[in-house]
Amino acid sequence: MFIDTHCHLTDATMCGENLSHVLARAADAHVDTIICPTADPADIDAAIAIAMQNNNVWATIGIHPEYAGADATKYLTDDVLKNPRIVGIGEIGLDYHYGTDNRMAQIELFKIQLDIARRAALPVAIHTREAESDTAEILTGDVGGVMHCYTSSWDLAKKMLDRGFFFSASGILTFKNSDTVRETFRKIPIDRIVIETDGPYCAPVPHRGKSCEPFMVADTARVLAMIKGVDIETLMHQLHQNTHNLYPRMC
């Protein structure tokens with residue numbers, strides 16, 4: 001069975017009345033466990049509720065750099081983080097794709113959430129986009145976690161491997177123009193890889209243009225198995241073990 005390590009089940013396409021159908025389609029595709037992250041702090045309560053109400057759903061909670069300026073301490077309190085269904089802090093990080101006007105605010109939010117993760121002894125799910133230098137400088141290795149939906153360079157990957165991080169393959173791995181991403185995952189040791197949909201985004205081939213759901217993680221897994229030169233059953237077992245190593249609260 002597969003674990004989708006990053007799917008935004010709080011999105012309108014999947015939550016509410018849609019959720020039971022989303023989970024059923026996932027089960028049919030042998031995706032038995034899903035980790036629901038947050039980006040918008042307004043989604044934190046909903047993500048926790050979904051995890052509390054479904055035994056096969058866990059949550060990571062955090063504030064995406066898009067919301068730089070938000071007060072992370074208001075949402076990521078010690079009491080909240082004690083909830084056993086919360087397995088990590090995420091998604092957090094840096095995103096300079098639309099410019100660096102708020103760079104310092106992003107960095108401040110990122111560092112505050114890393115401090116929270118340290119105190120709570122929780123791993124982090126990192127979003128980094130066009131911000132490799134600052135990401136490498138800030139993530140010194142004293143906090144572990146995963147480079148979510150990894151599409152950055154092999155140079156950054158080498159640094160983060162040395163610092164104990166895992167790397168998550170998304171549907172982008174299947175895209176026609178993603179040769180560089182595939183080459184990076186060819187180099188990453190198989191025991192440091194997990195898999196995700198990042199639903200509702202990044203639907204893999206052959207689902208491009210559709211809203212991405214957990215069941216589609218199986219399509220990404222088939223491509224990843226070819227890249228790593230293993231059969232799908234071997235990969236499934238390895239990804240399962242890796243995810244539990246990444247998120248010990250799931251054990």
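Please refer to the structure higher up on the page.
Below is a short write-up of the structure. (Residues numbered from 1 in each chain as written. Predicted model: local features only at pLDDT ≥ 70, side-chain atom pairs only at ≥ 80, totals over all residues. Heavy atoms only, no water.)

1. Quick word on the environment of Gly171
Relative to the helices and strands, Gly171 resides in the loop between β7 (166-169) and α8 (179-187). When the C-alpha positions of Gly171 and Pro65 are compared, they lie 22 Å apart, and in sequence the two are 106 residues distant. With residues up to four places along the chain from it excluded, the contact list for Gly171 reads Glu196, Cys202, Pro204 and Thr220. (Helix = DSSP H or I, 4+ residues; strand = E, 2+ residues; numbered from the N terminus. Contact = heavy atoms within 4.5 Å.)

2. A few points about helix α2 (residues 44-53)
The complete set of buried residues in α2 reads Ile44, Ala47, Ile48, Ile50 and Ala51. Relative to the axis of α2, the buried residues are bounded by an arc of 160° and lie together on one face. What points out from α2, more than 90 degrees from its buried face, is the exposed set Asp45 and Gln53. Check the buried side of α2 and you find it contacts α1 (19-28), β2 (31-36), β3 (57-60), α3 (72-75), α4 (78-81) and β4 (86-95). (Buried < 20%, exposed > 50% of the residue type's maximum accessible area, 1.4 Å probe, protein only. Arc of directions from axis to C-beta.)

3. Quick word on the packing of aromatic side chains
Aromatic ring pairs are defined here through the distance separating the ring centres and the angle between the ring planes. Tallied over the full model, the rule gives 1 aromatic pair. Directly above the aromatic system of Trp58 lies the positively charged group of Arg85, at a separation of 3.8 Å from the ring centroid. Positioned above the aromatic ring of Phe175 is the side chain of Arg208, whose terminal nitrogen or guanidinium carbon lies 3.6 Å from the ring centre. (Phe/Tyr/Trp six-rings, centres within 6.5 Å; stacked < 30°, edge-to-face > 60°. Lys NZ or Arg CZ within 6 Å of the ring centre and 35° of its normal.)

4. A closer look at unusual backbone geometry
Note that the residue after Gly199, namely Pro200, is joined by a cis bond; omega there is 10°. Locating Pro200 in the fold gives a position in the loop between β8 (193-195) and α9 (217-228). In this chain, Val205 is followed by Pro206 through a cis amide linkage whose omega measures 15°. Tracing the backbone through its elements, the reader meets Pro206 in the loop between β8 and α9. In this structure, Cys149 is a non-glycine residue whose phi angle is positive, near 45°.

5. What to know about the side chain of Thr135
With respect to the helices and strands, Thr135 occurs in helix α6 (residues 132-138). In this structure Thr135 touches Leu94, Ile126, Thr128 and Met147, once residues within four positions along its chain are discounted.

6. Observations concerning the sheet that holds β4
The 8 strands lie next to each other as β1-β2-β3-β4-β5-β6-β7-β8, forming an open sheet whose pairing is parallel. Single-partner strands in this sheet number two, and they are β1 (2-4) and β8. Strand-to-strand twist of the sheet, defined as the mean angle between neighbouring strand axes without regard to direction, takes the value 30°. As judged from the 2 bridges shared by β3 and β4, these two strands associate in the parallel manner. In the strand pairing of β4, Thr60 is matched with Gly88. The strands touched by α2 within the sheet are β2, β3 and β4, with β3 carrying the most contacts at an inclination of about 155°. (Pairing = 2+ DSSP bridges. Axes fitted to C-alpha atoms, helices over the stretch in contact; angles between N-to-C directions.)

7. Some remarks on the pairing of β3
Side-chain alternation along β3 places Val57 and Ala59 on one buried face and Trp58 and Thr60 on a second face that is also buried. Sheet topology note: the β2/β3 ladder contains 3 bridges and is parallel. Bridge pairing links Ile34 to Val57 in β3.

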